[in-house]
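Chain by chain, the residues:
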Amino acid sequence: MYLDSFFQSNLLLFDFVFVTYRFINYKPWRWRSSTACDRALEYKIGEKIHGFTINQVTPLPELFLTAVKLNHDSTGAQYLHVAREDKNNLFSVQFRTTPMDSTGVPHILEHTVLCGSMKYPCRDPFFKMLNRSLATFMNAFTASDYTLYPFSTQNSKDFQNLLSVYLDAVFFPCLRELDFWQEGWRLEHENPTDPQSPLVFKGVVFNEMKGAFTDNERIFSQYLQNQLLPDHTYSVVSGGDPLSIPDLSWEQLKQFHATHYHPSNARFFTYGNLPLEQHLRQIHEEALSKFQRIESSTTVPAQKLWDIPREYHVTCGPDTFATDSTKQTTISVSFLLPDITDIFEAFTLNLLSSLLIGGPNSPFYKALIESGLGTDFSPEVGYNGYTREAYFSVGLQGIADKHMETVKNIITRTIDEVIEKGFEDNRVEALLHKIEIQMKHQSTSFGLALTSYIASCWNHEGDPTELLNLGKQVTQFRKCLKENPNFLQEKVKQYFKNNQHRLTLSMSPDEKYYEKQAQMETEKLKQKVDSLSMKDRQQIYEKGLELRTLQSKPQDASCLPALKVSDIERTISFTELDIALAADEIPVQYCAQPTNGVVYFRAFSSLNTLPEELRPYVPLFCSVLTKMGCGIYDYREQAQQIELKTGGMSVTPHVIPDDSHLDMYEQGVLFSSLCLDRNLSDMMHLWSEIFNNPHFEDEEHFKVLVKMTAQELSNGIPDSGHLYASIRASRTLTPAGDLQETFNGMDQVRLMKRIAETSDLKPILRKLPRIKKHLLNCDNMRCSVNAAPQQMSQAGKEIENFIKNLGRSKKERKSVRPHVIEKPDSKPVGGDFINCPQIIRKLITDPTFKPCQMKTHFLLPFPVNYVGECVRTVPYTDPDYASLRILARLMTAKFLHTEIREKGGAYGGGAKLSSNGIFTFYSYRPFVTSYHWVEEPLSLQRHKWSMSSCGPS
């Protein structure tokens, strides 16, 4: 997987747990002693363990962890172990990979090492382990200057198995030529069995990168990095330029592995509650003991600073969803900043970036976004710390060409104003409050977030332990502000006003962009084909047949490690839930957890009474509800209060399928927020004001929010085309499918485009108070709270006050849909529930609904296709559901992966079964127009399946 600088480490993991309910009867909570941290604190500096020497032991109580730094004695490999009482243990190994051309060698190598190794020579052990493991995460990433291989699991035996596979893959890969052909690039006959058919380019990474460069934001980001840091590895495309990938040879790939994938150039990271000694022994014995230290030559030199600023212009494909076809230009001004290994300076500049561009109170939001010149900030806006020297970028997208100079002047003027006026104290405090919440917030993927967070700094010899010591950095920052009130203004003057290493990058659409790209690829192909001898052509034909035979041949995976039933815990821990009625009518679910002083609140409100004509506008209503102001606060003051008192407040449409009937569902809106326990009262007061007194009067600000929403939806299509195709394909299979398309599908993208194109938004704005009347009351609501046990009493009081302060309908509103079924929630398991309140869910159904077949194709300007085909199966509680879920995994691993990715060359595809009973086949970024792979596995009643695709004509 290729990472651009948009990479974020918030990865969604699906955790399935059994739940029990009980009535209010709190038990004393015992915090588990952090035994993993205690064990780590016992290590002594200089202690030697299995070929490693301990260099540092650092407790970080703010993050509830202890960091242990080590070095491998004979190879010099660096190692960081983070001991934390978390059973979701993680391993990663990263290598500094610094290509000097755009052939994509580190990216193709990342794919190829996972295709078989000395100990595990079967083809594709990485994907085959998905069916032999309980991993909560498995992947690999190629960044601009490093390659990272992480996995996580909660099972100790599984950890050892995966560690063995990963170590052998990266240090002892087979690197077979046919694997290079499959994963990288190859010349192959369009029909591999017909030597008379034309030769074409194929390859997984080749197609992946063709798809990546259909995204205009990625194009802009790539050029920004290449032009701002032009002297070394950042001047090339580490993921690979499709026009340069065919210049890479198999020999060059093997040489790159030999010079970069060595323990002397490696950084190991482990996280969780498993014993460190076990990890060290296995890593030493299975890998590092077979190497000796070498001098690594992968260091990235400092970028030579410019004497004068530079400008650069690029072109891209047109955006068919742009709200104004004459306003598709993007421009930004970017400034090179200091080395990211200067940790406090990087921390300061990151905070400064947030002050400059974060939210409606920031100077650049006021000056650029609210100018009306564009639709949203330019890509890469803000601080970027993924390269050795960081950089800051700010600009606008969706502007007219004639306004480029105006935007540049606004940026210059805004910098001058910030130097003169500085920042309000409240804004600084809001940012420091955000950091405090980030340190306390728990996540199932905390280990993965840590390894991603430290990767860039550690890659350039920065101290990862120092980077994790956020409390120390906050203390030092406060001290600097106290000693020098102009501390931040001086940084703005130093790094922005007086910085000559400044790049102005502009990008505008070219109607023939994709045609020109295709022509350049055709010329590249012709150049390659013309240079072939008859012997070369014969070898290509024979190799193509050999590859196809190998891809179709059943693989013996018996060499791979696998879990036994005895390795898996026989019981699953239960999560206890309390249910009580607030204000004698609203059910509230309480869950006591060790949340580190954070309180999590959620509420669900039904949409059953909302008139049909208002339903398409619910996503827009949700998007702007917390951004328009409420009560005594205008939208700027509201944003400030949200930042000061909460960790964020979100509102989203929510469709919940019934677990026992495909034709029933619950529709509503989900309200979510979190805060530090000391701010619970303030957070609930904000929700009260949002529910009772939302502002819907400011048409100018509403126009800004509409443009930003429409732009974000349009920008998301290249990365999510398969999701849009799947949502559309499921539209006619269940009653809830149409609503999902309305809320989250291409219908919503098109609606927002039309709204953003409208000059008079008053008619749209008038719909929002009408939606509010049906939604923002407690007529059909339920809530949930997660907090520490000692906070539950106070939380109960705050929720009670919140419910009592909510408005109620003056008259009973009837559901718009005539068929509403009241259904009790799942019956609690165990305990005494005589007095336990029952949650009643009001489900929508349509007795006249008949599933039907539909085929749809959306024409998009991208030279890639996205396909989704959906099949109506059974509900979640049906006895066949579990079997179908396993079938989806098996079809992906045993059939679709081979057909779509290995043979077809698409970046990915597979099958999945959702909780709504819809079985989905999908593929993304294939460059073929035939989708026969979808129909081959199917033998269905035709009215039960539906298909949708996005791509070129």
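Where an unreviewed UniProt entry is consulted, the protein chain appears under the name Presequence protease, mitochondrial, with the organism given as Monodelphis domestica. As its UniProt record puts it under Subcellular location (unreviewed entry), the protein chain is described as follows: "Mitochondrion matrix". Under the Cofactor (unreviewed entry) heading, UniProt states for the protein chain: "Zn(2+)".

**Student:** Sorry, what's going on with the nonpolar core here?
**Tutor:** Among soluble globular proteins, nonpolar side chains are generally buried collectively. Of all hydrophobic cores here, the largest spans 141 residues; its most connected members are Phe364, Phe496, Phe601, Phe671, Trp687, Phe702 and Ile803. Tallying contributions element by element places helix H10 (residues 343-357) first for this core, with 10 residues. With residues up to four places along the chain from it excluded, the contact list for Ile803 reads Ala582, Ala583, Ile586, Cys778, Met781, Cys783 and Arg808. Among the nonpolar cores identified, the runner-up in size contains 97 residues, and Ala83, Phe151, Trp185 and Phe213 belong to it.

**Student:** Got a minute to help me understand the packing of aromatic side chains in this structure?
**Tutor:** In this description, a pair of aromatic rings is defined by centroid distance and the angle of the planes. Applying the stated criterion to the full structure yields 36 aromatic pairs. Each ring, one from Phe126 and one from Phe127, has its centre 5.4 Å from the other, and the planes form 85°; the classification is edge-to-face. A centroid spacing of 6.5 Å and a plane angle of 25° characterise the contact between Phe344 and Phe347, whose relative ring orientation is stacked. Of this pair, Phe344 and Phe347 both sit in helix H10, 3 residues apart, which is roughly one turn of the helix.

**Student:** Whenever I open this one, the environment of Phe159 confuses me. Can you help?
**Tutor:** By the element assignment, Phe159 lies in helix H4 (residues 156-171). Phe159 gets classed as buried once you look at its relative accessible area, which sits at 0%. When the C-alpha positions of Phe159 and Ser133 are compared, they lie 9.0 Å apart, and in sequence the two are 26 residues distant. Apart from residues no more than four positions distant in its own chain, Phe159 is found in contact with Asn89, Leu90, Phe91, Phe151, Thr153, Thr270, Leu274 and His279.

**Student:** It is not clear to me how the domain arrangement of the protein chain should be interpreted in this structure. Could you clarify?
**Tutor:** Per the domain assignment, the segments of the protein chain are domain 1 (37-205 + 230-290), domain 2 (319-509), domain 3 (578-698 + 770-826 + 834-845) and domain 4 (865-946). Inter-centroid distance (C-alpha atoms) of domain 2 to domain 3 is 33 Å. On the domain 3 side, the residues contacting the 15 residues of domain 2 number 19 residues. Note on domain 2 versus domain 3: buried area summed over both sides is about 1,400 Å², and carbon and sulfur give 52% of it. Where domain 2 touches domain 3, the interface holds 11 residue pairs in polar contact (both at pLDDT 80 or more).

**Student:** Hey, could you run me through unusual backbone geometry in this one?
**Tutor:** With a phi close to 55°, Ala583 is a non-glycine residue in the positive phi region. When its relative accessible area of 17% is taken as the criterion, Ala583 is described as buried. Despite not being glycine, Asp584 has its phi angle at roughly 65°, a positive value. In this fold, Asp584 is placed in the loop between strand E19 (574-582) and strand E20 (586-592). Looking at Asp584, the relative accessible area reads 73%, which means it is exposed.

**Student:** When you look at the pairing of strand E30 (residues 918-924) in this model, what are you seeing that I'm missing?
**Tutor:** Regular strands place their side chains on alternate faces of the sheet. Of all 7 residues that make up E30, 6 are buried, and the element is covered over most of its length. Sheet topology places strand E28 (residues 866-872) next to E30; 7 bridges connect them, and they run antiparallel. In the strand pairing of E30, Gly868 is matched with Tyr922. As paired elements, strand E29 (residues 908-913) and E30 share 6 bridges and run antiparallel to each other. Within E30, the residue paired with Lys912 across the bridge is Thr920. Hairpin connection of E29 to E30: 4 residues between the antiparallel strands, including Gly917 at a positive phi of 85°.

**Student:** Would you mind going over the UniProt feature "domain: Peptidase M16C associated" (unreviewed entry) in the protein chain with me for this structure?
**Tutor:** In this numbering, the UniProt entry assigns the feature "domain: Peptidase M16C associated" (unreviewed entry) to residues 507-755. The straight-line gap between the two end C-alpha atoms of residues 507-755 is 25 Å; of that span, 48% is helix and 20% is strand.

**Student:** Can you walk me through the side chain of Ser92 in this structure?
**Tutor:** Topologically, Ser92 is positioned in strand E6 (residues 89-96). Of the polar contacts made by the side chain of Ser92, one reaches the side chain of Thr451; its length is 2.8 Å. Those residues in contact with Ser92 that sit more than four places away from it in its chain are Leu148, Tyr149, Pro150, Arg267, Phe268, Phe269 and Thr451.

**Student:** Mind showing me how you'd approach a negative patch on the surface here?
**Tutor:** The grouping of Asp634, Glu637, Glu697 and Asp698 at the surface amounts to a negative patch. Look at Glu697 and you get exposed, because its relative accessible area is 59%.

**Student:** I would appreciate a short explanation of the confidence of the model for the protein chain in the present structure.
**Tutor:** If pLDDT is low for a region, its predicted coordinates should not be looked at in detail. On average, residues of the protein chain carry a pLDDT of 90, and 91% of them reach 70 or more. Taken together, the stretch residues 5-33 has pLDDT below 50 and engages in 74 contacts with residues farther than four places along the chain or on a different chain. Below a pLDDT of 50 lies the segment residues 928-943, which in the model reaches 32 contacts outside its immediate sequence neighbourhood of four places, other chains included.

**Student:** I tried to follow the packing of H4 against helix H9 (residues 276-286) on my own but got confused; where do I start?
**Tutor:** Angle between the axes and distance between the axes: these two values describe a pair of packed helices. One can describe the packing of H4 onto H9 by two numbers: an axis separation of 10 Å at closest approach and a directional angle of 30°. Between H4 and H9, the angle is such that the two are roughly parallel. Seen from above, H4 lies across H9 with right-handed handedness. Of the residues in H9, those touching H4 at Ser156, Phe159, Gln160, Leu163, Ser164 and Leu167 are Gln278, His279, Gln282, Ile283 and Glu286. Considering only residue class, the contact of H4 with H9 consists of 4 nonpolar, 6 polar and 1 charged.

**Student:** Whenever I open this one, the pattern of salt bridges confuses me. Can you help?
**Tutor:** If the charged atoms of two oppositely charged side chains come close together, the side chains can form a pair. Counted by the stated rule, this structure contains 45 salt bridges. A salt bridge links Glu699 to Lys762; the shortest N-O distance between them is 3.0 Å. Linking Glu699 in helix H23 (residues 699-729) with Lys762 in helix H26 (residues 762-765), this pair joins segments that are 63 residues apart in sequence. Of the residues examined, Glu699 reaches a relative accessible area of 17% and is grouped as buried. The residue Lys753 makes a salt bridge to Glu757 at a minimum N-O spacing of 2.4 Å.

**Student:** I'm lost on helix H27 (residues 767-775) in this one. Help?
**Tutor:** Note that an α-helix has 3.6 residues per turn; residues three or four places apart therefore point the same way. Among the residues of H27, Lys767, Leu768, Ile771, His774 and Leu775 are the ones counted as buried. Here the buried residues of H27 occupy an arc of 125° about the axis, which is enough to place them on one side. Those residues of H27 hidden inside the fold are in contact with strand E21 (598-606), helix H20 (618-625), strand E23 (664-676), H23 and H26.

**Student:** Explain the environment of Trp185 here, please?
**Tutor:** By secondary structure assignment, the location of Trp185 is in the loop between helix H5 (177-183) and strand E10 (186-189). Taking relative accessible area as the criterion, Trp185 reaches 12% and is therefore assigned buried. Polar contacts involving the side chain of Trp185 include one to the main-chain carbonyl oxygen of Ile245, which spans 3.4 Å. One polar contact links the side chain of Trp185 to the main-chain carbonyl oxygen of Leu248, over a distance of 2.9 Å.

**Student:** Before we go on, may I ask you to explain helix H14 (residues 446-459) in this structure?
**Tutor:** With 14 residues, H14 ought to run about 20 Å at 1.5 Å a step, and its terminal C-alpha atoms sit 20 Å apart, in line with that. Taking the largest bend as the criterion, H14 deviates by roughly 25°, centred on Tyr453. In terms of burial, H14 is a largely internal element, 12 of the 14 residues being buried. Residues Phe446, Gly447, Leu448, Leu450, Thr451, Ser452, Ile454, Ala455, Ser456, Cys457, Trp458 and Asn459 constitute the buried set of H14. Of the residues flanking the end of H14, it is Glu461, one or two places downstream, whose phi is positive at about 70°.

Calculation notes
- Residues numbered from 1 in each chain as written.
- Predicted model: local features only at pLDDT ≥ 70, side-chain atom pairs only at ≥ 80, totals over all residues.
- Heavy atoms only, no water.
- UniProt positions renumbered as here; feature names shortened; annotations may be inferred.
- Core = buried A, V, L, I, M, F, W, Y, C linked by side-chain atoms within 4.5 Å.
- Buried < 20%, exposed > 50% of the residue type's maximum accessible area, 1.4 Å probe, protein only.
- Helix = DSSP H or I, 4+ residues; strand = E, 2+ residues; numbered from the N terminus.
- Contact = heavy atoms within 4.5 Å.
- Phe/Tyr/Trp six-rings, centres within 6.5 Å; stacked < 30°, edge-to-face > 60°.
- Domains from an automatic or database assignment.
- Buried area = accessible area lost by both parts, 1.4 Å probe.
- Polar contact = N/O pair within 3.5 Å; in protein donor to acceptor, adjacent residues only side chain to side chain.
- Pairing = 2+ DSSP bridges.
- Patch = residues over 30% accessible without salt bridge, like charges linked within 9 Å, V, L, I, M, F, W, Y side chains within 5 Å.
- Areas by Shrake-Rupley, 256 points an atom, 1.4 Å probe, with all protein chains shown as cover.
- Salt bridge = Lys/Arg side-chain N within 4 Å of Asp/Glu carboxyl O.
- Lys, Arg positive; Asp, Glu negative; His and termini not counted.
- Charge placed at Lys NZ, Arg CZ, Asp CG, Glu CD.
- pLDDT = per-residue confidence, 0-100.
- Axes fitted to C-alpha atoms, helices over the stretch in contact; angles between N-to-C directions.
- Parallel < 35°, antiparallel > 145°, perpendicular 65-115°, else oblique.
- Left-handed = near helix turned anticlockwise from the far one by under 90°.
- Nonpolar A, V, L, I, M, F, W, Y, C, P; charged D, E, K, R; others polar.
- Arc of directions from axis to C-beta.
- Expected span 1.5 Å × (residues − 1).
- Bend = angle between axes of the 7 residues up to and from the residue.

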